[in-house]
Amino acid sequence: MVVLIYYIKHTSHEFKVFEPFSILGLEHGASDSDIKKAYRRLSIQYHPDKNPDPEAHDYFVEFISKAYQALTDPVSRENFEKYGHPDGRQGLQMGIALPPFLLNIDGASGGILLLGIVGVCILLPLVLAVIYLSRSAKYTGNYVMHQTLSAYYYFMKPSLAPSKVLGVFIKAAEFMEIPVRRSDGEPLQKLFMLVRSELNLDLKNIRQEQAKFWKQHPALVKAELLIQAQLTRESKALTPALLRDFRRMLELSPRLLEELVKMALLPRTAQGHGWLRPAIGVVELSQNIIQAVPLSARKVAGGSSEGVAPFLQLPHFSEAIVKKIARKKVRTFQELRDMTLEDRVELLTQVAGLSSTETKDVEMVLEMMPSLTVDITCETEGEEGIQEGDVVTMHVWITLKRGSGLVAALPHAPYYPFFKEESFWLLLADPVSNDVWISQKVSFMDEVVAITAASKAIQELKEVSGASLKETNASVREAVESVKSGSRLVMGKFQAPAEGNYNLTAFCLCDSWIGCDKKTNLKIKILKRSRAGTRTGALTEEGAGMEEGIEEEEQEEEDEYDDYESEYSEDEEDEKDSKRNGVVPAVGAAAESSDNE
């Protein structure tokens, strides 16, 4: 830029305006006889016949002859008078709508112009680039800080209880960057008293527990209390400054929870499996944050593994109302959903004491909630059975139905102040060994993407199996119709483990609703590989069909739900990994999903 300015300043004087009177040494308005006399005089001095100098020749041709012609030839004279040159128009003249002092580069304004050019064209882009690069270097592709992923990786454990997931979640670097002001002290103390029952403090040593809680890093204390304010719906007690921090945390939560799920599903074992228990715990935490339901409400109660938590996401519902309807043998959320409309209206109005308007609100939310069915098969392409070491292909059709008839919809979340799409996680796992063999995120929002993915997957599958073009087209049409009716195809591959019978479970978990998850059992028989490589048995046995809701399993209730002990007591940590039952490498290829996100 400096060189360009220097060049312009020192070369602009070289451009000369064509002036025929000055060339011939005459004054403006000279007569024709004076013009001819001047031309003859200059011809004697510069004509090539009189002066052999090449420069004299050039000057005579380019200037003297043209000046004489411009003043004596009518056409050249007209061009000169109109355009300032005997040859006519010489270029395009343009004006710049800028103040004159900016265009005058010779005076003091030249310095102002130079500083402006350097500041706006050089320094400002450079500063913006440095800021952008410094910030982008801190984040991953999902706009989550690298420091957050490192912390999640370090604190993630295979037997992480759902009650301990919150302690890992709040260690995000994004939360640590939220300032802790001196003015936050008193409001946080008041908030602590409101949410103390949800902090899993040991009531026998309450003073020591409280002291231990406040001895944590101030940013961790603030983050946990603000999340608890969301879970307990106590955000009205926050000051304006804390409310801004509170909203910032809620805005970041879905993104951070998604990365926390991925961290739990990251291959950690020798077989390339992820961990089931912490993954379920993270999804449950996401459900509670979106619906603003306390974690303690998930304790096993009334024969339901979800406790009273699903009821509390309905409008006008409280624990007192749940106790009232429980007297009428409606103890689980699925039982409430399975009732006929007339019976449910009667129950809510006469037993629960809700008004007709409040009952309509409840019915509206129930119609928005999804009901899932999962159809899963696992097979070795082109073979009748599965032998150890085979590449097994998983096909899963997940179908979503709502009372409203919609497929794509946003969750009813009146306490979550930001836009949130429903997302589902499909996990093919062994609950006994805590291993996740295949995991995939699924969305029902974009039907076009789902149709494209399903069509491509079915077409490739049929081509590999050697099906005819007619059969392939029929299968593709059938898949498209299934997607349009609310189904999504999820496919994945894994390597068959060692010989044996495996009782797997396909979990379809929703991150926005409580009580809408689906579990489907799947039994797989792995045959021993024969020397000749032939198959000697049959393939898979699918489980006893699809279960409605989440079934009651005593072992899983002990492992997954009954563990809301104090986070700050000297409790015993269950860190031992479960036995793997002889599972060998399962190369869990990332499944091709109909909705790849």
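Look above for the structure.
These figures come from a predicted structure and were not determined experimentally. (Residues numbered from 1 in each chain as written. Predicted model: local features only at pLDDT ≥ 70, side-chain atom pairs only at ≥ 80, totals over all residues. Heavy atoms only, no water.)

Caption draft 1: Structural detail: the packing of aromatic side chains. The final tally for this structure, using the stated rule, is 15 aromatic pairs. Between Phe192 and Phe213 the ring centres are 5.4 Å apart and the planes differ by 35°, which places this aromatic pair in the tilted class. In this pair, Phe192 is assigned in helix H11 (residues 185-195) and Phe213 in helix H12 (residues 206-214), connecting sequence segments 21 residues apart. The exposure classification of Phe192 matches that of Phe213, with both residues buried. Where Trp437 meets Tyr502, the ring centres are 5.7 Å apart and the plane angle is 65°; that geometry is what we call edge-to-face. (Phe/Tyr/Trp six-rings, centres within 6.5 Å; stacked < 30°, edge-to-face > 60°. Helix = DSSP H or I, 4+ residues; strand = E, 2+ residues; numbered from the N terminus. Buried < 20%, exposed > 50% of the residue type's maximum accessible area, 1.4 Å probe, protein only.)

Caption draft 2: Quick look at the environment of Trp437. Residue position: Trp437 is located in strand E5 (residues 435-442). Residue Trp437 is classed as buried on the basis of its relative accessible area of 3%. For the pair Trp437 and Leu276, spaced 161 residues apart in sequence, the C-alpha to C-alpha distance is 9.3 Å.

Caption draft 3: Up close: the nonpolar core. In terms of nonpolar packing, the biggest core is built from 59 residues, with Phe169, Phe175 and Leu225 touching the most fellow members. For this core, the secondary-structure elements that each account for two or more residues are helix H8 (146-155), helix H9 (162-169), H11, helix H13 (218-231), helix H14 (240-265), helix H15 (276-291), strand E4 (424-430) and strand E7 (500-510). The element that contributes the greatest number of residues to this core is H14, accounting for 12 residues. When neighbours within four sequence positions are excluded, Phe169 is seen to be in contact with Tyr152, Phe175, Ile227, Ser253, Leu256, Leu257, Leu260, Leu285 and Ile289. Grouped together as the second largest cluster of nonpolar side chains are 54 residues, Val293, Leu336, Leu347 and Cys508 included. (Core = buried A, V, L, I, M, F, W, Y, C linked by side-chain atoms within 4.5 Å. Contact = heavy atoms within 4.5 Å.)

Caption draft 4: Representation of unusual backbone geometry. Of note in the backbone geometry, Arg233 takes a positive phi value of approximately 60° without being a glycine. The partly exposed category is assigned to Arg233, whose relative accessible area is 29%. With a phi angle near 70°, Asn434 is a residue other than glycine that sits in the positive phi range. In this structure, Asn434 sits in the loop between E4 and E5.

Caption draft 5: Representation of H11 in the model. Three or more residues of H11 are buried, namely Pro187, Leu188, Leu191, Phe192 and Val195. End-on view of H11: buried residues confined to an arc of 145°, all on one side of the axis. H11 presents Glu186 and Lys190 as exposed residues on the side facing more than 90 degrees away from its buried surface. (Arc of directions from axis to C-beta.)

Caption draft 6: Geometry of the side chain of Asp245. Residue placement: Asp245 occurs in helix H14. Residue classification places Asp245 among the buried residues on the basis of a relative accessible area of 9%. Engagement of the side chain of Asp245 in a polar contact is seen with the side chain of Lys222, the distance being 2.6 Å. Not counting chain neighbours up to four residues away, the residues in contact with Asp245 comprise Ile178, Pro179, Arg181, Lys222 and Leu226. (Polar contact = N/O pair within 3.5 Å; in protein donor to acceptor, adjacent residues only side chain to side chain.)

Caption draft 7: Examining the packing of helix H19 (residues 341-351) against helix H20 (residues 356-368) more closely. Running from N to C, H19 and H20 cross one another at 135°; their axes reach a closest spacing of 10 Å. By the angle between their directions, the pair H19 and H20 is classed as oblique. Handedness of the H19/H20 crossing: right-handed. Judged by residue contacts, Leu341, Arg344, Val345, Leu348 and Thr349 of H19 engage Thr359, Val362, Glu363 and Leu366 from H20. (Axes fitted to C-alpha atoms, helices over the stretch in contact; angles between N-to-C directions. Parallel < 35°, antiparallel > 145°, perpendicular 65-115°, else oblique. Left-handed = near helix turned anticlockwise from the far one by under 90°.)

Caption draft 8: Just the pattern of salt bridges, in detail. A complete count under the given rule lists 16 salt bridges for this structure. Between Glu62 and Lys66 there is a salt bridge, with the nearest N and O atoms lying 3.9 Å from each other. Note that Glu62 and Lys66 are positioned in helix H4 (residues 54-72) at a spacing of 4 residues, about one turn of the helix. Given a relative accessible area of 41%, Glu62 falls into the partly exposed group. By relative accessible area, Lys66 is classed as partly exposed at 24%. Ionic pairing is found between Arg248 and Glu251, a salt bridge with its closest N-O pair at 3.7 Å. Here Glu251 and Arg248 lie together in helix H14, a separation of 3 residues that amounts to about one turn. Accessibility expressed as a relative area gives 41% for Arg248, which makes it partly exposed. By sharing partners, the salt bridges in this structure join Arg181, Asp184, Lys222 and Asp245 into a single network. (Salt bridge = Lys/Arg side-chain N within 4 Å of Asp/Glu carboxyl O.)

Caption draft 9: Representation of H4 within the structure. A rise of 1.5 Å per residue sets the reference length of H4, with its 19 residues, at 27 Å; its end C-alpha atoms lie 26 Å apart and thus fit the reference within 8%. The axis of H4 is deflected most strongly, by about 40°, at Phe60. Every buried residue of H4 is listed here: Ala56, Phe60, Ile64, Ala67, Ala70 and Leu71. Where H4 begins, the capping side chain belongs to Asp53, and its oxygen is found 3.2 Å from the backbone nitrogen of Glu55. (Expected span 1.5 Å × (residues − 1). Bend = angle between axes of the 7 residues up to and from the residue.)

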